[in-house]
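Listed here are the chains, written in short residue letters.
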Amino acid sequence: MIRILAPLALSLPLFASLPTPQEALALAFPGAQMVRKEHILSEPQGERIKALSKGDLTGHWIVAYEAQRDGRLVGVGFFDTQRVRTLNETLLVAISAEGRILRVEAVAFGEPVEYMAKEAWIKQFEGKGLDPQLSLKGSIHPLSGATLTAHAMTDAARRCLALHQVLYREAK
């Protein structure tokens, strides 16, 4: 009985340490007022996002969390849920008003704990913008033993940066 429960007991603290979506937003945008904003993408916007991200877009209804300080937009957070191997993960990708990643934070991870990316690996996304180097063959180092997680996180970062580009930078 102890052998069966030991792996479960070892994984509980890691999953218990994942922040809630509200906590993740507060970590990404400390002291900011958060405003939930819904966007319905047009077909051209959806196609532009797919082209920029070099990936799929799961839908045209997007929820963004705008971070404001003194009435000024300082950043936007997007929650992105995608399949890693057979189960989903949900990430907050926090992006500055200038279009650079401020923080990537996992708020849900359904795969076994050994497939979860470590904080040190995730930090390499910080400061990155939407460019061809934002890839596992570019400026993002591979994640040994969790290749599918690395691909999913990189795809999510590119998708959220593309959303930000189209909804906040090109829309002006």
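Above this text sits the structure in question.
Residues numbered from 1 in each chain as written. Predicted model: local features only at pLDDT ≥ 70, side-chain atom pairs only at ≥ 80, totals over all residues. Heavy atoms only, no water.

(A) Molecular detail of the pattern of salt bridges. Applying the stated criterion to the full structure yields nine salt bridges. Residue R159 pairs with D80 through a salt bridge whose shortest N-O separation is 2.7 Å. Taken together, the residues span a long stretch of sequence, with R159 in helix α5 (residues 147–169) and D80 in strand β3 (residues 72–83) at a distance of 79 residues. We classify D80 as buried; its relative accessible area is 7%. The salt bridge involving K123 is made with E126; its shortest N-O contact spans 3.6 Å. We classify E126 as partly exposed; its relative accessible area is 34%. Shared partners join several salt bridges into a network, and the residues in it are E119, K123 and E126. (Salt bridge = Lys/Arg side-chain N within 4 Å of Asp/Glu carboxyl O. Helix = DSSP H or I, 4+ residues; strand = E, 2+ residues; numbered from the N terminus. Buried < 20%, exposed > 50% of the residue type's maximum accessible area, 1.4 Å probe, protein only.)

(B) Inspection of the sheet that holds β3 at higher detail. In spatial order, the strands read β1-β2-β3-β4-β5; together these five strands make up an open sheet with antiparallel pairing. Where the open sheet ends on each side, the last strands, each with one partner, are β1 (33–40) and β5 (101–109). Ignoring strand direction, the axes of neighbouring strands in this sheet form an average angle of 25°. Two elements, strand β4 (residues 88–96) and β5, share seven bridges in a ladder whose sense is antiparallel. Within the sheet, the bridge partner assigned to E89 lies in β5 and is F109. (Pairing = 2+ DSSP bridges. Axes fitted to C-alpha atoms, helices over the stretch in contact; angles between N-to-C directions.)

(C) Up close: the packing of helix α3 (residues 43–53) against α5. It is at 8 Å that the axes of α3 and α5 come closest, and there the two elements cross at 135°. One element, α3, and the other, α5, form an angle in the oblique class. Between α3 and α5 the crossing geometry is right-handed. Touching Q45, R48, I49, L52 and S53 of α3 are R158, R159, A162, L163, Q165, V166 and L167, all from α5. (Parallel < 35°, antiparallel > 145°, perpendicular 65-115°, else oblique. Left-handed = near helix turned anticlockwise from the far one by under 90°. Contact = heavy atoms within 4.5 Å.)

(D) Fine view of the packing of aromatic side chains. Considering all chains together, one arrives at two aromatic pairs under this definition. Where Y65 meets F79, the ring centres are 5.5 Å apart and the plane angle is 85°; that geometry is what we call edge-to-face. Linking Y65 in strand β2 (residues 61–69) with F79 in strand β3, this pair joins segments that are 14 residues apart in sequence. Taking 5.5 Å as the distance between ring centres and 75° as the angle between the ring planes, the aromatic pair formed by W121 and F125 counts as edge-to-face. (Phe/Tyr/Trp six-rings, centres within 6.5 Å; stacked < 30°, edge-to-face > 60°.)

(E) Main features of the pairing of β3. The sheet contact formed by β2 and β3 spans six bridges and is antiparallel. Residue pairing for β3: A67 is matched across the bridge by G75. Sheet analysis places β3 next to β4, joined by nine bridges and oriented antiparallel. Across the sheet, the residue bridging to V76 is I95, located in β4. Counting the residues in the hairpin turn of β3 and β4 gives four residues.

(F) Region of the structure containing the environment of T90. Relative to the helices and strands, T90 is located in strand β4. Separated by 15 residues in sequence, T90 and E105 place their C-alpha atoms 8.6 Å apart. When sequence neighbours within four positions are dropped, the list of residues in contact with T90 reads F79, D80, T81, E105, A106, V107 and A108. Within the local environment of T90, its side chain forms a polar contact with the side chain of T81, the two groups lying 2.7 Å apart. (Polar contact = N/O pair within 3.5 Å; in protein donor to acceptor, adjacent residues only side chain to side chain.)

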